[in-house]
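One-letter residues, chain by chain:
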Amino acid sequence: MPMLESPPKPVFARPGANPTLETIEYIRAVLRMAHGPISRNELLRHLTAWGHGTSRPSLNAALGFLGEEGAVIEGSKGLQWVAPAEGNILETIRRKRTT
């Protein structure tokens, strides 16, 4: 594999919105344990209660990352964990996120 001339530009990480792997794991845990859709505010409350509060920009970056992977969907009632998507389902999720 040839060496890249310059590093790729981050898609989700931004100054002030650069969640750690630990933050992403906590967010994933909250979403997986929820018994249905959960709001961003409720998600932030759970993280704070676990002693791992994060900023809204970092939360949004992590959710964007998980959503791009097809692991989280957002509907009118909130966010929900879904089994990781593949193939055509993943492409449909990605298309709907950009429209």
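The residue numbering used here restarts from 1 in each chain and proceeds along that chain's sequence as written. Reporting of local features is limited, given that this is a predicted model, to residues whose pLDDT is at least 70; pairs of side-chain atoms are given and counted only at 80 or more, and all residues count toward the totals for whole chains, interfaces and linings. Heavy atoms throughout the structure, all of them, feed into the side-chain values; hydrogens and water do not.

**Points about the overall build of the protein**
So, step 1. Along the backbone of the protein there are four helices and two strands.
So, step 2. Beginning at the N terminus, the succession of helices and strands in the protein can be written as α-α-α-β-β-α.
So, step 3. Seen along its three principal axes, the alpha-carbon backbone of the protein occupies a region of about 45 × 30 × 25 Å.
So, step 4. Put simply, 51% of the contacts in the protein that link residues at least 6 apart link residues at least 24 apart.
So, step 5. Total accessible area on the protein stands at roughly 7,000 Å², and carbon and sulfur atoms take up 56% of it.
So, step 6. Averaging the locations of the 12 positively and 9 negatively charged side chains of the protein gives two centres separated by 8 Å. To qualify as a helix, a DSSP run of H or I must reach at least 4 residues; to qualify as a strand, a run of E must reach at least 2; elements of each kind are numbered from the N terminus. The criterion used for residue contact is that any of the two residues' heavy atoms lie within 4.5 Å. Note on areas: Shrake-Rupley with a 1.4 Å probe; residue coverage comes only from the protein chains shown. A residue counts as positive if it is Lys or Arg and as negative if it is Asp or Glu; His and the chain ends are not included. Where a charge sits is defined by one atom per residue type, namely NZ (Lys), CZ (Arg), CG (Asp) or CD (Glu).

**Re the side chain of His52**
So, step 1. The residue His52 is located in the loop between α2 (40–49) and α3 (56–68) in this model.
So, step 2. Setting aside anything within four residues of it in sequence, one finds His52 in contact with Glu22, Thr23, Tyr26 and Leu47.

**A look at the environment of Leu59**
So, step 1. Along the polypeptide, Leu59 turns up in helix α3.
So, step 2. Not counting chain neighbours up to four residues away, the residues in contact with Leu59 comprise Ile27, Arg40, Leu43, Leu44 and Thr54.

**Re the confidence of the model for the protein**
So, step 1. Along the chain, pLDDT gives the predictor's confidence residue by residue, from 0 to 100. Predicted confidence across the protein gives a mean pLDDT of 87, with 95% of residues reaching 70 or more.
So, step 2. Per-element mean pLDDT across the protein ranges from 74 in helix α4 (residues 87–98) up to 96 in α2.

**What to know about the environment of Leu44**
So, step 1. Note on placement: Leu44 falls in helix α2.
So, step 2. Here the term buried applies to any residue with accessible area under 20% of the maximum for its type, exposed to any over 50%, and partly exposed to those in between, with areas from a 1.4 Å probe on protein chains only. With a relative accessible area of 15%, Leu44 lands in the buried category.
So, step 3. Placed 34 residues apart in sequence, Leu44 and Pro10 show a C-alpha to C-alpha distance of 24 Å.
So, step 4. Non-local contacts of Leu44, meaning those with residues more than four positions away in its chain, are made with Thr54, Arg56 and Leu59.

**Description of the pattern of salt bridges**
So, step 1. Between Lys or Arg on one side and Asp or Glu on the other, a salt bridge is scored when a side-chain nitrogen of the former is within 4 Å of a carboxyl oxygen of the latter. The final tally for this structure, using the stated rule, is two salt bridges.
So, step 2. In this structure, Arg40 and Glu74 form a salt bridge, with 2.7 Å as the shortest nitrogen-oxygen distance. With Arg40 in helix α2 and Glu74 in strand β1 (residues 72–75), the pair connects residues that are 34 residues apart, well separated along the chain.
So, step 3. Note that Glu42 is salt-bridged to Arg45, the shortest N-O span being 2.7 Å. With Glu42 and Arg45 both in helix α2 and three residues apart, this pair spans about one turn of that helix.

**A few points about the nonpolar core**
So, step 1. What makes a nonpolar core is a set of buried Ala, Val, Leu, Ile, Met, Phe, Trp, Tyr and Cys residues whose side-chain atoms join them at distances within 4.5 Å. Core analysis: the largest hydrophobic core is formed by 16 residues, its most contacted members being Ile27, Leu31, Leu43, Leu63, Val72 and Leu79.
So, step 2. Where this core is concerned, the elements lending two or more residues are α1 (21–33), α2, α3 and β2 (78–81).

**Quick word on the packing of α1 against α2**
So, step 1. Fitted lines through C-alpha atoms serve as axes, helices being fitted only where they are in contact, and the angles separating the N-to-C directions of these axes extend from 0 to 180 degrees. Interaxial distance between α1 and α2 falls to 10 Å at its minimum, and their mutual angle equals 115°. Considering only the axes of α1 and α2, their crossing is right-handed. Contacts between α1 and α2 involve Tyr26, Ile27, Val30 and Leu31 from the first element and Leu43, His46 and Leu47 from the second. Definitions for this section: a left-handed crossing has its near helix turned counterclockwise from the far helix by less than a right angle. A right-handed crossing has that turn clockwise.

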